[in-house]
2 protein chains.
Amino acid sequence: MEARNLLRYTFFLFFILLLVLFTLSNLPSPPSDKAEMLNCAAYSPWCTSKNRIQSKKPDFLQKPTNPTRRRHSADVPHHPLDPLTVTELNTVRKIIQTHDFFKNKAYALHSVVLEEPEKKLVLRWKKGEPLPPRKAAVVARVGGASHVLTVDLGSGEVTRHETGHMSGYPTMTVEDMTSVTWAPLASADFNRTVVERGVDLADLACLPISLGWFGKSEENRRLIKVQCYSLKDTANFYMRPIEGLTVLVDLDTKEVVHITDKGKNIPIPNAANTDYRFAAQNSYQRLVNPISIEQPKGPSFTIQDDHLVKWANWEFHLKPDPRAGVIVSRAMVRDPGTGEMRNVIYKGLTSELFVPYMDPTDAWYFKTYMDAGEYGFGLQAMPLDPLNDCPRNAYYMDGVFAAADGTPYVRSNMVCVFESYAGDIGWRHSESPITGMEIREVRPKVTLVVRMAASVANYDYIVDWEFQTDGLIRIKVGLSGILMVKGTPYANMNQVNDQESLYGTLLSENVIGVIHDHFITFYLDMDVDGPDNSFVKVNLQRAYTSPGESPRMSYLKAVRNVAKTEKDAQIKLKLYDPSEFHVINPTKKTRVGNPVGYKVVPAGTAANLLDNNDPPQKRGAFTNNQIWVTPYNETEQWAGGLFVYQSHGEDTLEVWSNRDREIEDKDIVVWYTLGFHHVPCQEDFPIMPTVSASFDLKPVNFFESNPILKIPPNVESDLPICKADASA
Amino acid sequence: MEARNLLRYTFFLFFILLLVLFTLSNLPSPPSDKAEMLNCAAYSPWCTSKNRIQSKKPDFLQKPTNPTRRRHSADVPHHPLDPLTVTELNTVRKIIQTHDFFKNKAYALHSVVLEEPEKKLVLRWKKGEPLPPRKAAVVARVGGASHVLTVDLGSGEVTRHETGHMSGYPTMTVEDMTSVTWAPLASADFNRTVVERGVDLADLACLPISLGWFGKSEENRRLIKVQCYSLKDTANFYMRPIEGLTVLVDLDTKEVVHITDKGKNIPIPNAANTDYRFAAQNSYQRLVNPISIEQPKGPSFTIQDDHLVKWANWEFHLKPDPRAGVIVSRAMVRDPGTGEMRNVIYKGLTSELFVPYMDPTDAWYFKTYMDAGEYGFGLQAMPLDPLNDCPRNAYYMDGVFAAADGTPYVRSNMVCVFESYAGDIGWRHSESPITGMEIREVRPKVTLVVRMAASVANYDYIVDWEFQTDGLIRIKVGLSGILMVKGTPYANMNQVNDQESLYGTLLSENVIGVIHDHFITFYLDMDVDGPDNSFVKVNLQRAYTSPGESPRMSYLKAVRNVAKTEKDAQIKLKLYDPSEFHVINPTKKTRVGNPVGYKVVPAGTAANLLDNNDPPQKRGAFTNNQIWVTPYNETEQWAGGLFVYQSHGEDTLEVWSNRDREIEDKDIVVWYTLGFHHVPCQEDFPIMPTVSASFDLKPVNFFESNPILKIPPNVESDLPICKADASA
């Protein structure tokens, strides 16, 4: 028995040695230079992979060089809400480097953004006046703890705030996300199983997956789960999951805490027809002639001082934000009667996303992403593709963010602004054959779109703020990109007995598109003609006539209810108990005495159906209603809480709203959640056609009358004379 | 006492005489020539009114002459579904004129359209083959009775169908609608009260208002209610109601049956700021530079043989229809794999509209319009305004309809077809900073729009059928035009104690916008890869895990239920009990075994809340669900019944569906109702900015994968080089 055990031991040692050698020989070297961390080619295993198809684009696909590349080293702030400039970020970095609290400590800056001045200071400020003191709001991890600090750029002073006793961690840094994808390779077990599954380690592509919170095991330690894919023969590795292999990693130490290795019987789906890149197609299909939005006199908008957008009757401040993506502030519309610019929104942004997947099995149950608070919705917004993401004549705005060490970097072309004309009609009337009058008056609808596209790993979220000349603002979210799919032994539905056990749809051989939801919660600090507003539910109720009163038995009446406190404004939409949702200024009335207002107009959406006691839903409780209204509070901006990563849900919009504070004639914030149920279908494979949903903010007795009565119609002589590019 | 009575009598006679003289002197002469009935200037009292502002358009507003004016005298049908041509309509007219049944009788033709050949004949037909026999479906009123006839154009045979014992009358003729507006002037009482209210009879504009059915008083006689407005100082007479004055008129004899004369204390609202015409503005406001959709190589669609639209991967037959507006038939999309054209829709159309107003008082309770069946949705579609209703490069299709005597006439530019590009994204993916791969693949979204705008008196309905290259069809309805408003003594809300008693919103001094709903019901004969389909409700249900099974407590599962009979497919949408609605071909599966299908995707909509026993709702019972599915039956096309005017509701979609016929694996028709609640606001005065809602038909496992994977991105060299028109 002894000898036999020794033999076993020797064999085991030999095997381990082999594995380590194998691993080392297959392991690409990790990045060495921190400054290069944001340069793909320097650190990404798959960026430089042999599988990347070299760009062999036909001539017509050669992209123009970035039309708007700007230098930012000389940027200076012009407006109290302007984001921190490169110079200011460098100042913050230096202040922190030399500050006692940070000196000689390992630290990482998870967020460095402008600490916006108090609202009243911003409202009071006028162009030409000196800016209020410039301050940075910094979230830092120092010595294993999270801190919220204010850095005064003028004085160099650092104020440290209490982080409180809330659960949760700050948004990951890009460095967190990228470096953790390397961590599994330090585990021989991991490497062995990958190789055993037939994947070359050099073909690995791994994703950092936030793991939510389900109890003790996700507490007191910053953790993440890493799952991997095979990049072999396709850039679309997302379609080639190594199913069931989940590596739990400590985000701070990068230590592999645990490996779950299930699903070894599940083949890695093959790569055929998964690569969506144009250069990877062996043929292409031109379905339509070139088409373009053209403005012979150029666009009608201007961007003043880098961030102030002026277009038609609108003006607003626009800035990229690492967490929210874009922030629209001080949106004002011109009154056609008085000519004055009237306040509509003080600040609007994407506050949080919640994306629960509907598969309770081991490798999937925890996928309940909060893309803004966990990954940084703005951090994930990559440069837009001119002529495709945005039409000709678009203006591109860069994001200026800080890396984990405080170094500023530029995310170029992160946001675009353009005018859109789809052939739609602003208003029209023809007289009918009944009256026979010869009237045909039609005005085209032209809008201004602010767009950002965030690629949170596989998914692409296109967020549009669309301004109309009639005062309407449409906030639209488009979903495209690539599904997060699950490997399966099944190659055909005829092998499946119970379709529901798939938790999704068989999209291709061995590929399941798992059912999931998307919720996108918007923060809308409405200031309709001033900060103090009220929220009015205008409920449409069936009313009955008295016997003999009318040949009609029933009709609808509009019953107005002013919300006194927050709980009055926790709204679940009901098709059979409909309401309009008005934000009014109770102190300002139109000529004939209606309160001026804007209404929130929901359109198609989806509600969250998870159980309220389910741990993910406690964290995502901000999606329990479609509409909430809270009194303005500068600390309540992120619907899932400031520190949403691994949070338990003690700091959500629901918690705040349940305090039931007074909201009548107060500075109020409206929250709207847009939802999607996504049952994938084969058309979503290997990349999804865009699906969109939206809601509107619409003037309701805000103007005395139709504000675009006097706009002219299009006439031929205004329109451009165009010819095809000679080179085409 | 005797003498005093005589005096009274003499005075009364004298007064009547005066009134008659006054009336005659103020009465414009009615049209004499029937042929001119469709020419505004010849017969309309307000068309030639002194109040019409002469067109003094600035030079840049001079419209080009109709770019597509076509002669139709030589049109011949090319396709079994092509509408009747001018020649064919003349043939029908002659056959009827000389037919025994009509000879020497007064008759009116309420509808003359192609009687479409049996579906199987159409499906079998191939281009180049002779057409199936051409027949006309004729609805005629002969001797006070309604008749449905088939006229065989080849043989000259007339087959008369049973009209049955259903209540209701055919769609009004244009002649009915226009001539009845004169009828009140034959009443001295009417004229007196008009004059007493301070309105010059020459300033009168009157509208024919369908009165629905509320019991005995709306039975056995074709009736209509006429209400009038003052045209003085504005073309927008709709904003100047003579409130409370309702004239009940016999539609056949034009006899005034009854006058209700209430509301004499209600002033006629003044005309200030109501005229929306560009020429009537004393100034204009150019908010944006000219903008245009340009295609340097021209549009990508072709119209073959006048009615067959071919664009990108789509092909469909398109025709104007006097009742439905437009009919889209045989919509097929090309499979990118096999190249074959695959059936999606056999026939789609706007089946009926229902527009109940929410005011139970005397002059308003009956306003419960069914615009297609009562007024003819297509009859009310006026010529589109090039460059404003539709962008440059649009193709305009004319409607060819028959007047009441059978004479064909042309409604030019009634439908347009154009390509739209709004700057939207077909699909996209960027690799995120997490993976760092340098991928940015984006494809622009270009669509094809078929548009019609029906002006049913005050309201304008813009109906779009929008085809996407990814296989999606969006059916969108835009509402614009002018509100139907109510006069009121109130000039300010501070005079109003009970806002609900207004039944609407005070829009301007003495003008109330009355609350109302719009429902638009679409008929969609889906033929997904063939006629026999099934309807599957894919219900998303909250499911619970077993204790210990997963850290997750709940998730959503998709439960498929195939509808066996019609009642299984009577769908009320529920946000908290959501489903997808698939129309599948149960005999055809994808490579991996999913049934091929299209889904109906609702978006924002409104439900009908009237009591089911309310008489209008009995007639509008087809709006009791958002979705219905019926087995194909060629007699079931109009959701409110064939003869909807004054009908009692015995022939609606609800009645048909409640037969609960089998619908599994049958040729089925899907009905979708789009709804709007409209609580007017001041921005809707004096003309409404367009409000839209839509629903989609979307491929769901219809294609093996994303059908537009291989389309190329835009590149600069494809796009046009444009300059401003030198004359601008």
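Counting from 1, residues in each chain are numbered in the order their sequence is written. Just so you know, chain letters begin at A and ligand numbers begin at 1, following the order they were written in. Whole-chain, interface and lining totals are the exception, using all residues; otherwise, since this is a predicted model, local features are given only for residues with pLDDT of at least 70 and side-chain atom pairs are given and counted only at 80 or more. Computation of side-chain values: all heavy atoms of the structure, hydrogens and water removed.

**Details of the overall build of chain A**
Logical step 1: For chain A, the helix and strand inventory stands at nine helices and 34 strands.
Logical step 2: Here chain A, with 728 residues, has 66% of them falling under the buried criterion.
Logical step 3: Any two residues whose heavy atoms approach within 4.5 Å are treated as being in contact. Residue pairs in contact within chain A that sit at least 24 positions apart in sequence constitute 69% of those at least 6 positions apart.
Logical step 4: By element, 51% of the accessible surface of chain A is carried by carbon and sulfur atoms, the whole surface being about 25500 Å². Put simply, DSSP H or I for four residues or longer makes a helix, DSSP E for two residues or longer makes a strand, and each gets a number counted from the N terminus. Under the scheme applied here, a residue whose accessible area is under 20% of the maximum for its type counts as buried, over 50% as exposed, and between as partly exposed, the area being computed with a 1.4 Å probe on protein chains only. Areas reported here follow the Shrake-Rupley algorithm with a probe of radius 1.4 Å; residue values treat only the protein chains shown as occluding.

**Let's talk about the sheet that holds strand β5 (residues 204-209) of chain B**
Residues and elements named next belong to chain B.
Logical step 1: Reading across from one edge, β5-β6-β7-β8 is the order of the four strands in this open sheet, with antiparallel pairing throughout. Among the strands making up the open sheet, the edge pair consists of β5 and β8 (256-261). Sheet twist, expressed as the mean angle between neighbouring strand axes with direction ignored, is 25°.
Logical step 2: Here strand β6 (residues 223-230) pairs with strand β7 (residues 245-250) via four bridges, running antiparallel. DSSP-based pairing: two strands are paired if at least 2 bridges between them are found. In this analysis, axes come from line fits to C-alpha atoms, helices being fitted only over the stretch in contact, and the angle between any two N-to-C directions falls in the range 0 to 180 degrees.

**Here's the deal with the interface of chain A and chain B**
Logical step 1: Taken residue by residue, the interface counts 209 residues in chain A and 209 residues in chain B.
Logical step 2: Once two parts are put together, the accessible area they lose, assessed with a 1.4 Å probe and summed over both, is termed the buried area. Of the roughly 18700 Å² buried at the junction of chain A and chain B (both faces included), carbon and sulfur atoms supply 57%.
Logical step 3: The largest contributions to the chain A side of the interface with chain B come from I291, I434 and R552 of chain A, which together make up 5% of the buried area.
Logical step 4: When a carboxyl oxygen of Asp or Glu lies within 4 Å of a side-chain nitrogen of Lys or Arg, that pair is called a salt bridge. At the boundary of chain A with chain B, the tally comes to 18 salt bridges.
Logical step 5: A salt bridge links E716 of chain A to R392 of chain B; the shortest N-O distance between them is 2.7 Å.

**Some details on the UniProt feature "active site" (unreviewed entry) in chain A**
Residue and element names in this part refer to chain A.
Logical step 1: UniProt positions are given in the numbering used here, feature names are shortened, and annotations may be inferred rather than shown by experiment. Feature annotation in UniProt places "active site" (unreviewed entry) on D371 and Y459, given in this structure's numbering. In terms of the greatest pairwise C-alpha distance, the residues named above, spread along 89 residues, form a tight cluster of at most 10.3 Å across.
Logical step 2: D371 sits in the buried class, given a relative accessible area of 4%.
Logical step 3: Ignoring any residue separated from it by four or fewer positions in sequence, one finds D371 in contact with E352, L353, V355, G376, F377, V456 and Y461.
Logical step 4: As for its position among the elements, Y459 is in strand β21 (residues 459-468).
Logical step 5: Judged by its relative accessible area of 3%, Y459 falls in the buried class.
Logical step 6: Those residues within four positions of Y459 in sequence are excluded, and the remaining contacts are Y357, A454, L479, S480, I482, L483, H516, H518, H678 and M688.

**Overview of the relation of the copies chain A and chain B**
Logical step 1: The least-squares superposition of copies is restricted to C-alpha atoms, and to residues with a pLDDT of at least 70 in both copies. Least-squares fitting of chain A to chain B yields an RMSD of 0.0 Å, with the superposition described by an axial translation of 0.0 Å and a rotation of 180°. Classification of the inter-copy transformation places it as that of a two-fold axis.
Logical step 2: Comparing interface residues between copies, 100% of those in chain A also sit at the interface in chain B, which points to an isologous, same-surface contact.

**Some thoughts on the state of the cysteines**
Logical step 1: Two cysteine sulfurs form a disulfide in these notes if their separation is within 2.5 Å. Per the stated rule, a full pass over the model turns up five disulfides over all chains.
Logical step 2: Paired by a disulfide, C722 of chain A and C722 of chain B hold their sulfur atoms 2.1 Å apart. Here C722 of chain A and C722 of chain B share a disulfide; its torsion about the S-S bond, 105°, makes the bridge right-handed. Here C722 of chain A, found in strand β34 (residues 720-724), pairs with C722 of chain B, found in strand β34 (residues 720-724), and the two come from separate chains.

**Details of the pattern of salt bridges**
Logical step 1: A complete count under the given rule lists 88 salt bridges over all chains for this structure.
Logical step 2: A salt bridge links D389 of chain A to R428 of chain B; its shortest N-O distance comes to 2.7 Å. Taken together, the residues D389 of chain A in the loop between α7 (371-375) and β16 (395-402) and R428 of chain B in strand β18 (residues 425-430) connect one chain to another.
Logical step 3: For R428 of chain B, a relative accessible area of 0% corresponds to the buried category.
Logical step 4: With a shortest N-O distance of 2.8 Å, E88 of chain B and R134 of chain B are connected by a salt bridge. Here the residue E88 of chain B occupies a position in helix α3 (residues 86-98), and R134 of chain B occupies one in the loop between α4 (119-124) and β2 (135-142), the gap between them amounting to 46 residues. Both residues of the pair, E88 of chain B and R134 of chain B, belong to the buried class.
Logical step 5: A single salt-bridge network, built from bridges that share partners, covers K119, D525, D527 and D667 of chain A.

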